Structures are given as structure tokens and as C-alpha cells.
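# Commentary on secondary and tertiary structure
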Amino acid sequence: MMEQVILFTILVGFLISVILSPILIPFLRRLKFGQSIREEGPKSHQKKSGTPTMGGTMILLSIVVTTIVMTSKYSELSVQTYLLLFVTIGFGLLGFLDDFIKVVMKRNLGLTSRQKLFGQIVISFIFYFILRQNEFSTTVSIPLTDISFDLGWLYVFFIIFWLVGFSNAVNLTDGLDGLVSGTAAIAFGAFAVLSWNQGAYDVAIFSLAVVGAVLGFLVFNAHPAKVFMGDTGSLALGGAIATIAILTKLEILLIIIGGIFVVETLSVILQVISFKTTGKRIFRMSPLHHHYELIGWSEWRVVVTFWTVGLICAVLGIYIEVWL
């Protein structure tokens, strides 16, 4: 039974993405929804200008349809399922608005940072409010220890920080063909294993739906990419994985499983701090994946290396939670 659910859920998510892509990509191209490449980025990326973006819409559609269909068949549409869909769709719509401004208004920066942050905080607060209405635990545990903290009403700030932080972390990682698609598939796969191990089958099915959706998208997003997910996809995926970690009470373990996203974000923070305090850069360019490009690595080598590191992080996270 378990193998059947896993296989069917991934397969349905994969097929929906694969079927939607040949329909949506030409549509986006006709609407001239092409990606604008920032001038300060690697010169090799300029040839990607005009590649259709907002492909995250097909990921979102696949996740929503697969989750509802498979959960209805093998589990039940619980509060957790609705919360997962709410955050994913909410952050996805915020990303869609950001992408729309970029490609239609021709403003490469999209929403202002304040506008985006405000939207993320509102969604996070609503998520917290619903959790508290359902008497959700406000305790946060430290892996490999017996240490736990009951944050009480302060848990709202933790949730906001986690959702906003990881949605932006995944967004920062989305800079190379297939990079986020592959690392997300690995990280969500790890949480599918852990949530299934907890008996949280609704969360597991959602996680597997994401795995299938991003793998289907990867068929068209692998180098050379025929479509980019844009903020529509990256913000949604970041919000979704943080939500899964919260619902399974594995919040801190997300730092390990999502290690690639954390390191990419830290590279940006360190670069900014170093430049503002010393006038020197630690990396040739941040986020980190651009640094490796500029020292001579091919784009595909960077992506595969990051996938490998992401897989190691995922296996380590599962090992810590299940066997230690």
C-alpha cells in the first residue's frame, strides 16, 4: 500500500507538470513573458534573456491537483492539508505578482522588498492564527538533544521568520537551470519520508506531490532551460517546505535538510556584511552558485554538485531523526 501511494502520487504530479509544460511554455512565449537578466550577473547568462518565466504556475497547479486527488483517495483532507495549500498558494500568488511586474511592467526587481515582506508576513500570521485555533504546539526541539523550548506567544515570530526566511532562501537559490528543481525534489523527498514515518500521511502525500511536480518541471528546466519557475515557483516552494517542517515539528532539522538553501542565503549575508564593513568581497559573486561559475565551473557542474550536497544533507537529516 505504501509503495503504491508513493509511486502514484509522484507519478501524478510528474505527469501533470509534463503535460502542462508544452501547453504553457508557448503561451508564455506568445505573451512575451520572458525573463530579464540582471546586467551585474554572469555574462554567460545574458543569452537566457527572453526565456519564458512564471513556469511556477504549472508547479502550483500540479501540486494542488495532485494533493487534493491523492489525499482524498488515500487519506483525508485535514486542517494540515488546507494549511499546506494555503501557504503554498499564498506565497505562489505573491511570487506571481512579483513576476508579473517584472515581465509586463519591465521592472526587473518586481515588487519592492517592503511590499514582498508585508505579503509574506500577512500570510505567515494567518497561518499561525489557524494553528493556534487548533491548539498546535508552540514547542521547538533541538535535534540530537533533549532540549526543547516552549515559545508560547513568541512562536508567531518564529513562524514568520521561518516562512519568510526559507521562502527567500529558495528564491535566492533559483539562479541556475534546474538548481532549485533538483534540490527541492531532494529536500521534499526527505520530508516525505519523515512525515510518513510520523504517520502524518496527509503531509507526506503533499510532499510527494511536490516531488513529482518539480521533477516534471525539471524535464523542461534542466540546462539549457526552456522555462524558468520565477518567483511564482521559488517563493511557493520555500514557503511550503517551511510549513512542512513546522507541521511535523521538525523546524530546526530543516536547517540541515535544506542546507543548500541556508548556505546560499548565508553567502549573500556574508558578502553584504564584508563589503559594507571592509569594502572587500568574500566571493566573486553571491549567491554562492555564481561564485563557482565565475571561477570557471560550467553551469551543469555547479548544479550537479549542489544536487549532490543537497542529497547528502537530506540523508543526514533522515538519519538524525530516524536512527539517532
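Relevant structure appears above.
Let us look at the structure shown here. (Residues numbered from 1 in each chain as written. Predicted model: local features only at pLDDT ≥ 70, side-chain atom pairs only at ≥ 80, totals over all residues. Heavy atoms only, no water.)

### Description of the packing of helix H5 (residues 155-173) against helix H10 (residues 259-278)
- Contact pair H5 / H10: the axes reach a minimum separation of 8 Å and the direction vectors enclose 80°. Classified by the angle their axes make, H5 and H10 are roughly perpendicular. On the side of H5, the interface is formed by Phe166, Ala169, Val170, Leu172 and Thr173, while H10 contributes Ile260, Phe261, Val262, Glu264, Thr265 and Val268.
- Taken together, the residues of the contact of H5 with H10 break down into 8 nonpolar, 2 polar and 1 charged. (Axes fitted to C-alpha atoms, helices over the stretch in contact; angles between N-to-C directions. Helix = DSSP H or I, 4+ residues; strand = E, 2+ residues; numbered from the N terminus. Parallel < 35°, antiparallel > 145°, perpendicular 65-115°, else oblique. Contact = heavy atoms within 4.5 Å. Nonpolar A, V, L, I, M, F, W, Y, C, P; charged D, E, K, R; others polar.)

### Comments concerning a nonpolar patch on the surface
- A cluster of nonpolar side chains, namely Leu144, Leu316, Tyr319, Trp323 and Leu324, defines an oily patch on the protein surface of about 600 Å² accessible area.
- With respect to the helices and strands, leucine 316 occurs in helix H12 (residues 299-322).
- The partly exposed category is assigned to leucine 316, whose relative accessible area is 41%. (Patch = residues over 30% accessible without salt bridge, like charges linked within 9 Å, V, L, I, M, F, W, Y side chains within 5 Å. Areas by Shrake-Rupley, 256 points an atom, 1.4 Å probe, with all protein chains shown as cover. Salt bridge = Lys/Arg side-chain N within 4 Å of Asp/Glu carboxyl O. Buried < 20%, exposed > 50% of the residue type's maximum accessible area, 1.4 Å probe, protein only.)

### Re the pattern of salt bridges
- If you walk through the whole model with that rule in mind, you get 3 salt bridges.
- With its nearest N and O atoms 3.3 Å apart, the salt bridge here joins lysine 116 to aspartate 98. Taken together, the residues lysine 116 in helix H4 (residues 113-133) and aspartate 98 in helix H3 (residues 79-104) connect sequence positions 18 residues apart.
- Among the residues examined, lysine 116 registers a relative accessible area of 14% and is labelled buried.
- Residue classification places aspartate 98 among the buried residues on the basis of a relative accessible area of 0%.
- With its nearest N and O atoms 3.4 Å apart, the salt bridge here joins lysine 116 to aspartate 231. Taken together, the residues lysine 116 in helix H4 and aspartate 231 in helix H8 (residues 230-247) connect sequence positions 115 residues apart. The pair lysine 116 / aspartate 231 is uniform in exposure class, with both members buried.

### Some remarks on the packing of aromatic side chains
- Per the counting criterion, the structure on display carries 12 aromatic pairs.
- Judged by centre distance (6.4 Å) and plane angle (20°), the ring pair of phenylalanine 96 and phenylalanine 100 falls under stacked. With phenylalanine 96 and phenylalanine 100 both in helix H3 and 4 residues apart, this pair spans about one turn of that helix.
- Ring geometry for tyrosine 292 versus tryptophan 297: centroids 4.7 Å apart, planes at 35°, classification tilted. (Phe/Tyr/Trp six-rings, centres within 6.5 Å; stacked < 30°, edge-to-face > 60°.)

### Overview of unusual backbone geometry
- For the bond from histidine 223 to proline 224, the omega torsion is -5°, close enough to zero to count as cis.
- Mapped onto the fold, proline 224 is located in the loop between helix H7 (201-221) and H8.
- Cis geometry marks the peptide bond from serine 286 to proline 287; its omega dihedral reads 0°.
- Positionally, proline 287 belongs in the loop between H10 and helix H11 (288-294).
- The phi dihedral of lysine 249 falls on the positive side, at around 60°, and the residue is not glycine.
- With respect to the helices and strands, the residue lysine 249 is situated in the loop between H8 and helix H9 (254-257).

Everything listed here is a matter of coordinates, which is why it stays silent on function.
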